[in-house]
Each structure stands twice: as C-alpha cells, then as structure tokens.
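# Observations on chain architecture
The residues making up each chain are set out below.
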Amino acid sequence: MSVYTPPLRQPPPFRPDLKTQTQTLITDPRYAHADRACGAAKLAALKTAEAHKTTRATHKRKTAQVEKITWTAAQKELTCLIETAHTLFAGNLPLLTLLGLPPQAPTPHPAPGPHGVTEMLTQWHATLAGVPHLDASAQAQFALAGWPPARLNKARALLEGYLKAKIDHQTATASARTAHHLYKTALQDLETWYHQTHALPTTQE
C-alpha cells in the first residue's frame, strides 16, 4: 500500500503580465518593505534591459539594411570593372595576373555563402590595387572603356563603404545578442523574485 504524499505547493504560473503583477505586489503593504524595495529594483532593471534590448535590435536591423545596400552598390560596380578587364585583356595572362584575375571571366552568379563572398572581396581588392601598376597604354584602355581614375576611386570608396558597413553590422549583432541575454537574465531574476515573494506569508497592516 503506497503512502500518500501531499503535493508540494506550486508557485503561481508565469504569465505575460509579469511587470503588472510585480507592480501590484510591490505596492501591497502586506509584504515586507525590504521585499517590496527589492522587487522595485528588479522591475526597474528589467525595464532598463528591455529598452536597451529594443534599441540594440533596432540598430542591428538598420546596420543590416546599410550592409545590404552598400554590398549591392559595390558588387554592381566592381563586377563591371572585372568584366571590363576580361573584355579588354582576354588572353593576356600576365596582365590579368597583375590584376588578380583568373584567365576566364567570372560567372555572372558567383557561389553564395561566406566563402564565395570572401573570394569576391579578395578579387576586388586585388584588381583595384593592380590597376595603378598597369602601363600607361593599359590604363588608357581602361579610361576609354569608361574607367577613368575618378571612377576607380569611386569603386574603392564603395568597397570601403561596404567593409565598414559589414563591421558595423557585426558589431551591432554582437551588441544585440548581449542585450538580449541581459534582458533574459533580468526577466528570469524578476520572475524568480516574484514567485518567491508571492509565496511568502503576508501580514495585514
């Protein structure tokens, strides 16, 4: 015959309106002042963490948009530069090598993913760095094909803009991740406090 064991007292279930419940509890004079003061501090910490999380998440979305825009602009211009180089110097292996380009023209749609992007960035850097080292005749061909020094400088600026946007997005992503973790910690801290305090015996003042 089994021995009956009374069930343990369970804390009230967590509900989405935890902040409202906490606000009600910390204004309830039946609970000790120290307990209520502790709850008020934890509630304030949660609100601060929540605001910070929202701000960081918004900043992350904005930097992602900027990264996407700058990538599209840089890709369009630098793909055009590389296609121009292959058109002008097809078969001239030494010159293409100086520009950091393979003998064959790149495919219109490079392989997606971080590896493909890294290869593209490496190639763009090499081509932009190699153009100033071409002989005068080759540079004149570039200029006649629509790539004078001013446009090359613009392409460099677009690439630098993308790289900066990429770093900004990575930084914002890390910051948003940290803010989200701090928010979850503050939420758990307040929830634990609420359940523990709610279970305490109260006194009527």
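Calculation notes
- Residues numbered from 1 in each chain as written.
- Predicted model: local features only at pLDDT ≥ 70, side-chain atom pairs only at ≥ 80, totals over all residues.
- Heavy atoms only, no water.
- Salt bridge = Lys/Arg side-chain N within 4 Å of Asp/Glu carboxyl O.
- Helix = DSSP H or I, 4+ residues; strand = E, 2+ residues; numbered from the N terminus.
- Buried < 20%, exposed > 50% of the residue type's maximum accessible area, 1.4 Å probe, protein only.
- Axes fitted to C-alpha atoms, helices over the stretch in contact; angles between N-to-C directions.
- Parallel < 35°, antiparallel > 145°, perpendicular 65-115°, else oblique.
- Left-handed = near helix turned anticlockwise from the far one by under 90°.
- Contact = heavy atoms within 4.5 Å.
- Nonpolar A, V, L, I, M, F, W, Y, C, P; charged D, E, K, R; others polar.
- pLDDT = per-residue confidence, 0-100.
- Phe/Tyr/Trp six-rings, centres within 6.5 Å; stacked < 30°, edge-to-face > 60°.
- Lys NZ or Arg CZ within 6 Å of the ring centre and 35° of its normal.

Tallying each qualifying case throughout the model produces 5 salt bridges. Close ionic contact of Lys19 with Glu50 constitutes a salt bridge, the shortest N to O distance being 2.8 Å. Here the residue Lys19 occupies a position in helix α1 (residues 18–26), and Glu50 occupies one in helix α2 (residues 33–88), the gap between them amounting to 31 residues. Accessibility expressed as a relative area gives 32% for Lys19, which makes it partly exposed. What makes Glu50 partly exposed here is its relative accessible area of 24%.

What follows deals with the packing of α1 against helix α6 (residues 149–198). Across the interface, α1 lies against α6 with an axial gap of 11 Å and an inter-helix angle of 45°. Comparing the axis directions of α1 and α6 gives the class oblique. α6 is crossed by α1, and the crossing has left-handed handedness. On α6, the residues that touch Leu18, Gln21, Thr22, Leu25 and Ile26 of α1 are Leu187, Leu190, Glu191, Trp193, Tyr194, Thr197 and His198. In terms of residue class, the contact of α1 with α6 is made up of 7 nonpolar, 4 polar and 1 charged.

This paragraph deals with the confidence of the model for the chain. Confidence along the chain averages 88 in pLDDT terms, with 86% of residues attaining 70 or more. Counting interchain partners and residues more than four positions distant, the pLDDT-below-50 stretch residues 1–11 has 3 contacts.

What follows deals with the environment of Val66. Note on placement: Val66 falls in helix α2. You can call Val66 partly exposed: its relative accessible area is 43%. Val66 sits 99 residues away from Ala165 along the chain, and the two C-alpha atoms are 6.3 Å apart.

Looking now at the packing of aromatic side chains. The full count for this structure, using the stated rule, is 3 aromatic pairs. Judged by centre distance (5.3 Å) and plane angle (35°), the rings of Trp71 and Trp124 are tilted. Highlighted residues: Trp71 in helix α2 and Trp124 in helix α4 (residues 114–130), separated in sequence by 53 residues. By way of ring pairs, the aromatic residues Trp71, Trp124 and Tyr162 are connected into one cluster. The ring of Tyr183 carries Lys53 above its face, with NZ or CZ at 4.8 Å from the centroid.

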